[in-house]
Amino acid sequence: MEMYNLFHIAFLSSSFLLCITCLLFTFIQKRTDKKHNRIYIAMVAILLISSLCELSLCFAKLAGLSADTILMIDKVARYVYFLLHSALSALFYNYVTKVCGALFGSNPFSRAMYLIGFVLPEMLILTNPFTYWVYYRDENGAFQRNWAEMLIYVAGAFFIIMSVVKLFRSWDALTDKKRIALIYFLFLVGLGITIQLAHSEIKVEVFSEAMGMVGLMLCVESEDDRIDIDTGFYNRKALRQDIKSFIINKRKLFLIGVRIIDSDIFIRSAGTENADILNETISDYLRTLVPRYHIYYVNQSTYALTVYGDDENMIREFAEKISSRFDETWQFRESQIKLSAVILAAGVPGRISSVNDAFYMLDSSLPETNDKKVLVGSDLEYLLRRSAVEDAVSRGLDEHSFEVYYQPTYRMSDRKLHGAEALIRMHDKELGQISPDEFIPVAEQMGLIDRIDGFVLSEVCRFIKSGIPQQNHMECINVNLSVIECLKPGFAEKINRIVENAGIDKKFLNFEITESVAATDYDVLSEIVTALKNEGFLFSMDDYGTGYSNIAAILSLNLDVIKIDKSLLRVAQTSEYGYIMLENSIRMFKQMNRQILVEGVETDEQVELLCGFDVDYLQGYYFSKPLSESSFTEFISRSEK
Ligand code: C2E
Ligand code: CA
Ligand code: CA
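Per chain, the residues get numbers from 1 upward, laid out in the order the sequence is written. Chains and ligands are labelled by the order in which they are written, letters from A for the one and numbers from 1 for the other. For this predicted model, a pLDDT threshold of at least 70 governs which residues receive local features, and a threshold of 80 or more governs which side-chain atom pairs are given and counted, while totals over whole chains, interfaces and linings are taken from all residues. With hydrogens and water excluded, all non-hydrogen atoms of the structure serve as input to the side-chain values.

A. View of the nonpolar core. With 75 residues, the main nonpolar core has Val460, Leu509 and Leu610 as its most contacted residues. If you tally residues by element for this core, the top one is helix α17 (residues 449-465), at eight residues. By definition in these notes, contact holds between two residues if any of their heavy atoms fall within 4.5 Å. If near-sequence neighbours (up to four positions away) are discounted, Leu610 is found in contact with Met412, Leu569, Leu582, Val598, Val601, Val615 and Leu618. Throughout, nonpolar core names a set of buried Ala, Val, Leu, Ile, Met, Phe, Trp, Tyr and Cys residues whose side chains join them through atoms within 4.5 Å. Burial classification: accessible surface area is computed with a 1.4 Å probe over protein chains only, and a residue below 20% of its type maximum counts as buried, one above 50% as exposed, and the rest as partly exposed. Core analysis: the next-biggest nonpolar cluster, separate from the first, contains 36 residues, Cys53, Ala77, Phe92 and Cys100 among them. Only DSSP runs of H or I with at least four residues qualify as helices, and only runs of E with at least two residues qualify as strands; both kinds are numbered from the N terminus onward.

B. Structural context of unusual backbone geometry. Val348 connects to Pro349 through a cis peptide bond whose omega is -10 degrees. Positionally, Pro349 belongs in the loop between β8 (341-348) and α14 (355-363). Notably, Tyr132 is not glycine yet its phi reads approximately 60 degrees, a positive angle. With respect to the secondary-structure elements, Tyr132 resides in the loop between α6 (128-131) and β1 (135-137). For Asn558, which is not a glycine, the phi torsion comes out positive at approximately 50 degrees. One can find Asn558 in the loop between α22 (551-557) and β16 (561-564).

C. The arrangement of the coordination of the calcium ion (ligand 2) in detail. In this listing, donors mean N, O and S atoms no farther than 2.8 Å from the metal, or 3.2 Å for Na, K and Ca; water is missing from the atoms, so a site can look incomplete. For the calcium ion (ligand 2), the full set of protein donor atoms is Glu421 (OE), Asn480 (OD1), Glu512 (OE) and Asp542 (OD), at a range of 2.1 to 2.3 Å. Here the donor residues for the calcium ion (ligand 2) map to a single chain with the spacing E-x58-N-x31-E-x29-D. Between the calcium ion (ligand 2) and the calcium ion (ligand 3), both coordinated by Asp542, there is a metal-metal distance of 3.9 Å. Here the residue Glu421 occupies a position in strand β11 (residues 417-428), and Asn480 occupies one in strand β13 (residues 476-480), the gap between them amounting to 59 residues. Accessibility expressed as a relative area gives 3% for Glu421, which makes it buried. According to the relative accessible area criterion, Asn480 is partly exposed, its value standing at 23%.

D. Quick look at the packing of helix α2 (residues 35-62) against helix α9 (residues 205-221). The interhelical angle for the contact between α2 and α9, taken along N-to-C directions, is 155 degrees, at an axis separation of 10 Å. In terms of orientation, α2 and α9 fall into the roughly antiparallel class. Viewed along their axes, α2 and α9 form a crossing whose handedness is left-handed. Between α2 and α9, the contacting residues are His36, Asn37, Tyr40, Met43, Val44, Leu47, Ser50, Ser51 and Glu54 on the first element and Val206, Glu209, Ala210, Met213, Val214, Leu216, Met217, Val220 and Glu221 on the second. Gly is placed with the polar residues, together with every amino acid not listed as nonpolar (Ala, Val, Leu, Ile, Met, Phe, Trp, Tyr, Cys and Pro) or charged (Asp, Glu, Lys and Arg). Looking at the contact of α2 with α9 residue by residue, the class counts come to eleven nonpolar, four polar and three charged. Axes here mean lines fitted to C-alpha atoms, for a helix over just the part in contact, with angles spanning 0 to 180 degrees between N-to-C directions. Small angles under 35 degrees read as roughly parallel and large ones over 145 as roughly antiparallel, with 65 to 115 read as roughly perpendicular and the rest as oblique. By convention the crossing between two helices is left-handed if the near helix lies anticlockwise of the far one by an angle smaller than a right angle, and right-handed if it lies clockwise.

Read these as layout, nothing more, since geometry by itself doesn't imply function.
This is the structure:
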């Protein structure tokens, strides 16, 4: 008997220490605010008190207290133990539900079952001192189970079965780690109960449950891999898991994206280390709107929030509230700074029916034409169009949706044909004609632009090889290059290879580049341009005057031709300053020994206006729109006659 007692003390004090450990680390890591955190704490606390109850009895026996005192302690300890411990399985079911991300008691039936299964046993135990339905002591003072105890066991078993069912129903919503921890917990509980039922003198039930709690702490409660270290918010991985579980559990909510538009400008001017301070400032604000575990740090400029509900008006108001905060300034160190943001909000399920949809909304660039600060409902239609364009671009090369058109360029001096610009056209079987202004940026982001530009170059080479351009006294054909591609290693070699395989004269090709904001790396770009120019290719600066091209770039890149954008021509017609700007731009470039081409010439007046300047070439609808290869061939041979 004595030995059994020591044996119990060892098991029970281990359980006690395990519970203390679980609680300690839960509180240290501040995992106390989510609902399942709280249920977890409650379950561990119950085990802690349960082990204390049993321990007190063991110690009373060990201390050799009087039989009456031991009986008293036994009565109280058993009562408390029963009362608390029988709540455990119901709590565990609730816990599993929360961990799976499901709404607890979403239908009246399961709510009623929960209440009956939970409240009834508790009531029975609570009233046991008067009814003795659960247990009683016989005339010798020995402990005896009564009929209601069976009922309590049934209720416990019911919740365990419900938990298993829930677990398997939400299987896909859980990570491997969580699945293992939950199953292991159930296994340990089962093992503990079985041993204790078979040998009631071996009290391992509490111990096995406490062990299971350690597993839950490590793999379910721990969120280390879900948290972004810098912001303390959930990371992309967490968002992916949560959206998946929301969808599987059919939860209705809104996903809100807070996109800081000018964050890169801020980071560039203030440095990356200050970006963290800014992050904190915004984080603090977002935390005032929703609990921390509803906030995710998606990428450098985007946060996501989740808000339960399905009322679009409510969410629009909420989004507008966030947006209006960005009308005010933010405290940054000692100064106030202004940031602009666009708020996107979409329903799950609804516009967002998969994890991919969610990231698509959060990561996709905004349409260039967008001027709204809050995008909800139909404002997000552009995402559908964009994803349709993405599909079209990815199947485009295989399905031969692309075709190269040519727009002639003319010499100013004799108005004779000088060359042509190759312009890509796309005809998709589903979306019809898609403008390059729409699909080129998409192709760039998808990393498919190199293949498209490669296709255009091969087509142009084939056309030059046919000899038709030479027969019509053309001097060159212009091919647009994407600057992002130029910067990739091996670009110059690739171009050379294509042209050399085609066996055409390199000086027949004139590459157009636009110095976009992305290309700040002039040194690399300049190296590539120089390498290709040394091979004999010509280069043009496209779109001068649109804000994407600057004089420093033109100087450092040593380009042959400057193409002046149509917008500069338009302002020269309508304003005096515009005229001065055009006149002096042309004079400046001529002094730098560059040739000038003016684009987008449409009318007689424009040609006349340009006659007064030292322009070399003209291009535009005035002469011809871009034409398919056959129409272009026909067009140039007709004008030759
Ligand atoms: P871009 O290189 O500036 O091409 C000139 C654009 O102006 C073409 O539009 C052309 O059709 C249009 N245009 C020509 N003359 C006139 C005119 O008189 N008036 C007006 N209003 N417009 C005129 P498009 O073909 O829609 O191409 C749009 C842009 O797409 C191009 O602008 C270029 O940046 C890009 N792009 C086109 N083809 C390719 C390509 O093969 N590769 C790459 N990377 N980009 C391309
Ligand atoms: Ca161009
Ligand atoms: Ca242009």
